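Each chain, letter by letter, is given below.
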Amino acid sequence: MIHPVANGLRTDHPVPGLPFINDERLPLDNPDAIERTGRNQGEGLWGRTDPLSGGGWVAFTTEPKNPAYAWAVHHHPEHGRTVLLIRDGDMSDLHHEWLYGNSGFLYRHGGYWWDGNAWHRPGQVVDRAFERYDARPVHDALTVTAADLLAHPSVPDAAEIAKIADFAAAAAPLANWRDHLALWAQQRVQHSNARPLEQCVVDLRAPELEPSSLVDRAGLAEIAQLAPDDLPDPKHGRRDLPPTQAGTANRPLWSEPVASDWAEQYRSTHGPATLLADTTSFGTTQPRGLVNDHRQLTEIIRHSLEDQDATSAKRRSARKEEPQEVAATLAWWPAVALTDSPGSLFPVSALRTTLVEAVLGGLADDVERARKWGKEEPSLGDIRTDVVKLLDWYIERKPGHTAGLFGEILLIARTRFDLPPQKVASLLRRSFHLDSAMDGDTIDALLKMALPPSAKNPRHH
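Before going into details, it helps to say that this report is about the structure given with it. (Residues numbered from 1 in each chain as written. Predicted model: local features only at pLDDT ≥ 70, side-chain atom pairs only at ≥ 80, totals over all residues. Heavy atoms only, no water.)

This next bit is on the packing of aromatic side chains. Summed over the entire model, instances satisfying the criterion amount to 10 aromatic pairs. Centroid distance F20 to W184: 6.0 Å. Interplanar angle 20°. Geometry classified as stacked. Of the two residues, F20 is situated in strand β2 (residues 20-21) and W184 in helix α4 (residues 177-188); the sequence distance between them amounts to 164 residues. Taking the relative accessible area as the measure of exposure, F20 reaches 0% and is therefore buried. A relative accessible area of 0% means that W184 is categorised as buried. For the pair F282 and W332, a centre-to-centre distance of 6.0 Å together with 80° between the ring planes defines the contact as edge-to-face. Here W332 lies in helix α9 (residues 323-339) and F282 lies in the loop between β16 (277-279) and β17 (285-287), a separation of 50 residues in the sequence. Residue class for F282 comes out partly exposed when judged on its relative accessible area of 43%. Three or more aromatic residues joined by ring pairs form one cluster here, namely F20, W177 and W184. Stacked on the ring of F130, the Lys or Arg R414 has its end atom at 4.1 Å from the ring centre. (Phe/Tyr/Trp six-rings, centres within 6.5 Å; stacked < 30°, edge-to-face > 60°. Helix = DSSP H or I, 4+ residues; strand = E, 2+ residues; numbered from the N terminus. Buried < 20%, exposed > 50% of the residue type's maximum accessible area, 1.4 Å probe, protein only. Lys NZ or Arg CZ within 6 Å of the ring centre and 35° of its normal.)

Looking now at the sheet that holds strand β8 (residues 112-114). Strand order in the open sheet formed by 3 strands is β7-β8-β9, and the pairing between neighbours is antiparallel. The two strands at the open ends of the sheet, each matched to only one other strand, are β7 (106-108) and β9 (119-120). Pairing of β7 with β8, which is carried by 3 bridges, proceeds in the antiparallel orientation. From the neighbouring strand, Y107 faces β8, where its bridge partner is W113. (Pairing = 2+ DSSP bridges.)

On to the pattern of salt bridges, then. Tallied over the full model, the rule gives 21 salt bridges. The residue E264 makes a salt bridge to R136 at a minimum N-O spacing of 3.1 Å. With E264 in helix α6 (residues 256-275) and R136 in the loop between β11 (132-133) and β12 (142-145), the pair connects residues that are 128 residues apart, well separated along the chain. Classification of E264 as partly exposed rests on a relative accessible area of 24%. Judged by relative accessible area, which is 9%, R136 ranks as buried. R288 is the partner of E396 in a salt bridge, and the nearest nitrogen-oxygen pair spans 3.3 Å. Of this pair, E396 sits in helix α11 (residues 385-397) while R288 sits in helix α7 (residues 288-307), and the two are 108 residues apart along the sequence. What emerges from the salt-bridge pattern is a single network uniting R121, D134, R136, D261 and E264. (Salt bridge = Lys/Arg side-chain N within 4 Å of Asp/Glu carboxyl O.)

Turning to helix α1 (residues 31-38), its buried residues number three or more, namely P31, A33, I34, E35 and G38. In this fold, the buried residues of α1 make contact with β3 (47-51), β4 (57-62) and β5 (69-76). Where α1 starts, the residue carrying a side-chain oxygen 3.2 Å from the main-chain nitrogen of D32 turns out to be N30. Positive phi shows up at N40, right after α1, with a value of about 60°. (Contact = heavy atoms within 4.5 Å. Polar contact = N/O pair within 3.5 Å; in protein donor to acceptor, adjacent residues only side chain to side chain.)

Here it is as structure tokens:
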């Protein structure tokens, strides 16, 4: 998550709590000139500009007078410009987010984003069928404009506009930020093309962001149905936790919907391994397929041991142990080597590719048959029984790869054959219920966890 450190004075959409910086040297109407401000102008200086697919552009440049920071400018053809000062090391991340992130251009409250029409929660739930995060709209969202905030009393004389040369990012938000906003508004009257204050988006309000509704680590763990100790430890960084909406480093706070989204993604990634786990004869938890392989190999080796003549002293000494224990020990690593990479005895990654292409081959036949018969939409025939059996085998040994496997099938089916993810997901569900060795409840639970959002609810696709 990118944290800007200041607003450019000529921004149309100020970030609450941040100071305003004099940006008069920045050629805001010329993205190429913004790029040239820093690009190849000296060691450690850089610049970049790109057009946006929907119109407008983005531009970035290291600030030559204070190269620890960079300017980031987003020009929207309808909603004006956003001018931010960011840390220079964040330039590429924000560039990627604005250009490819599919998550709007204004960010508030730890990643809540606005695309010019609506507010959405931080992107966390991956939709592999579309190779992007699922856009989750904020319920009862209220957009707060500069005009809304300036309707309350403020003292612009108590604020100041900072200069870039001696600027240093503050550790905490400005306490009297409304005064700074009022001074910013006064400065805008000097520009004839300045957007009306009613169109300058500042913040977001929503019931889920009320302080009394936020949850701490204990609440996050409860929503995710995890023990608090199973959550990532803040001492080792919080990359695996959702972006916070408030709180401190020692006591982060999240909105309940953000916590729920994180829990959904966590279950998609980790849930299949828990669902398809079993206990080995050694009392450890492992994938069900590995445990089954170990049991079968143990029985084979046990029978072999019992059938051999114990004539040598070495053999008689070994027989002092129970054949079952000896067999279990001897069988363990061969069982692991069947599916565990590297050094696997079986090319599991190749099996995955083969399974994906086998499912897609059946879909290709269905699409071609519909074309020949002049049907607008193909009827999808059941996945072949042998393919379902191999899908079982793979998933039970690599349960953590289930979401990626299903997502890859749905992604290629959509891009290659224009088949909706929900339709292909229905085929997977039907075929598993027909031919899988897993029971129906397990199949339903697995698909609920591992299928991407667009396969379950196509509202945004």
